[in-house]
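Summary of structural features
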Amino acid sequence: MQGFLNLNKPFDWTSHDCVAKVRKLLKIKRVGHAGTLDPAATGVLPIACGKATRLLQYLPGEKAYQATIRLGVRTTTDDLQGEIIASAPCPGLDIEIVKTALSQFIGKIEQIPPSYSAIQVEGKRLYDLARKGEIVEVPVRTVEVLEIQVLDWRDGDFPELDVAISCGAGTYIRAIARDLGIALNTNGTLAALQRTKSSSFHISDSLTFADLETQIHNGIFQPISPDAPLQHLPVIDLPPISAKKWCQGQKIPFDLSNSNFVRVYETQTHFLGIGKLENNLLIPQMVLSELGN
């Protein structure tokens, strides 16, 4: 079995837990995921099965979320799973002021990831260092936020804001919640998070574990085809003889000099893998089909 699964990750599961569960349900060893989700987050978690795990690196990076931000509160983890380290009511906040502050988080921005995150510093995960009480300098990252749309606003001593965020890979929504609080001269933390899109996978098409178990039980589960989430890559079509050589690792002369990753097919219908155009050559990068037949 090879292909993808658009999993709707449940609350309080790690991404690793989800991979282990899929391995057990599908009875296959080779399973991986793209775009780690925190345990407290739910929503789209792309899962790859079989050789498709080698395609994870080529998925597009765009992501979308629906988030609830609570103002007036700061925690160790920048979400409600952490210990509260600052709390101060802010009943005077106005939605228009909040919208103005949000505008500074759109575009390419500098972001300091949460101390409790999977980023590595000198080979160690930040969350492991944080749990040990070790204080390290978290590297600043440049990320891109494409859009922030306000969905709802609830007044109170600790007002809450619901937003829809579209962004590039590597963006931490927890960091946006924290930094929004700072921009408003108060505190901020993430109260809830659902990923609604990752790469080309959407929440509307996702499967819960219950859905997956039912499909497997009824014998109707079919993984998403390996090339389906790679539509952002250009297509190269090879005749059978060239396709077989390419699948054997040979570079194929090609009259295009631009350097791009491409989807490679045999006679337009048989997906062979990922190639790279470089110096008028089509170079194999990831071969899904060994012989091209």
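Basis of the calculations
- Residues numbered from 1 in each chain as written.
- Predicted model: local features only at pLDDT ≥ 70, side-chain atom pairs only at ≥ 80, totals over all residues.
- Heavy atoms only, no water.
- Buried < 20%, exposed > 50% of the residue type's maximum accessible area, 1.4 Å probe, protein only.
- Helix = DSSP H or I, 4+ residues; strand = E, 2+ residues; numbered from the N terminus.
- Pairing = 2+ DSSP bridges.
- Contact = heavy atoms within 4.5 Å.
- Domains from an automatic or database assignment.
- Buried area = accessible area lost by both parts, 1.4 Å probe.
- Salt bridge = Lys/Arg side-chain N within 4 Å of Asp/Glu carboxyl O.
- Polar contact = N/O pair within 3.5 Å; in protein donor to acceptor, adjacent residues only side chain to side chain.
- Nonpolar A, V, L, I, M, F, W, Y, C, P; charged D, E, K, R; others polar.
- Expected span 1.5 Å × (residues − 1).
- Axes fitted to C-alpha atoms, helices over the stretch in contact; angles between N-to-C directions.
- Parallel < 35°, antiparallel > 145°, perpendicular 65-115°, else oblique.
- Left-handed = near helix turned anticlockwise from the far one by under 90°.
- Phe/Tyr/Trp six-rings, centres within 6.5 Å; stacked < 30°, edge-to-face > 60°.

Of all seven residues making up strand β18 (residues 281-287), five are buried, and the element is well covered by its neighbours. Hairpin connection between strand β17 (residues 270-278) and β18: a loop of two residues separates the two successive antiparallel strands, and Asn 279 in this loop has a positive phi of roughly 55 degrees.

On the secondary structure map, Pro 10 appears in the loop between β1 (3-9) and α1 (15-26). Separated by 44 residues in sequence, Pro 10 and Arg 54 have C-alpha atoms that sit 25 Å apart. Not counting residues up to four positions away in its chain, the partners in contact with Pro 10 are Cys 18, Pro 39, Ala 41, Thr 42 and Phe 209.

Attention now goes to the domain arrangement of the protein. Segmenting the protein into domains produces domain 1 (3-60 + 200-218), domain 2 (63-198) and domain 3 (235-287). Each of domain 1 and domain 3 was reduced to a C-alpha centroid, and the two centroids are 29 Å apart. Each partner contributes residues to the interface: domain 1 has four residues there, and domain 3 has six residues. In total, domain 1 and domain 3 occlude about 480 Å² of area from one another, counting both sides; carbon and sulfur atoms represent 71% of this. Of all residues in domain 1, Arg 54, Leu 55 and Tyr 58 bury the most surface against domain 3, accounting for 89% of the area lost on that side. The tally of links from domain 1 across to domain 3 stands at zero salt bridges. On the surface where domain 1 and domain 3 come into contact, there are zero residue pairs in polar contact (both at pLDDT 80 or more). For the side of domain 1 that touches domain 3, the class distribution of residues is two nonpolar, no polar and two charged.

Next up on the list: α1. Taking 1.5 Å of rise per residue, the 12 residues of α1 would be expected to cover 16 Å, and the 17 Å separating its terminal C-alpha atoms lies within 8% of that figure. On its buried face, α1 sits against β1, β2 (31-33), β3 (42-49) and α5 (209-217). In the stretch just after α1, Lys 27 is the one whose phi turns positive, near 60 degrees.

Take the sheet that holds strand β14 (residues 235-238) next. Ordered in space as β14-β16-β17-β18-β15, the five strands form an open sheet in which the pairing is mixed. At either margin of the open sheet sits one strand with a lone partner, and together these are β14 and β15 (252-253). Across the sheet, helix α6 (residues 240-247) lies against β14, β15, β16 (260-266), β17 and β18, angled at about 60 degrees from β18, the strand it touches most.

The next thing to look at is helix α4 (residues 173-183). Counted residue by residue, α4 has nine buried out of 11 residues, so it is predominantly covered. For α4, the full list of buried residues reads Ile 173, Arg 174, Ala 175, Ile 176, Ala 177, Arg 178, Asp 179, Leu 180 and Gly 181. Among the residues trailing α4, Asn 185 stands out with phi positive, at a value near 60 degrees.

It is at 11 Å that the axes of α1 and α5 come closest, and there the two elements cross at 15 degrees. Comparing their axes, α5 and α1 come out roughly parallel. Here α1 runs over α5; the crossing is right-handed. Along its contact with α1, which presents Cys 18, Lys 21, Val 22, Leu 25 and Leu 26, the element α5 presents Phe 209, Leu 212, Glu 213 and Ile 216. Across the contact of α1 with α5, the residue classes tally to seven nonpolar, no polar and two charged.

So, on to the packing of aromatic side chains. Summed over the entire model, instances satisfying the criterion amount to four aromatic pairs. Between Trp 13 and Phe 209, the aromatic rings sit 5.0 Å apart at their centres with planes inclined by 35 degrees, giving tilted as the arrangement. Pair noted here: Trp 13 is in the loop between β1 and α1 and Phe 209 is in helix α5, with a separation of 196 residues, a long-range link. A relative accessible area of 29% means that Trp 13 is categorised as partly exposed. Seen in terms of ring centroids, Tyr 265 and Phe 271 are 5.4 Å apart; in terms of plane orientation they differ by 50 degrees. Their pairing is tilted.

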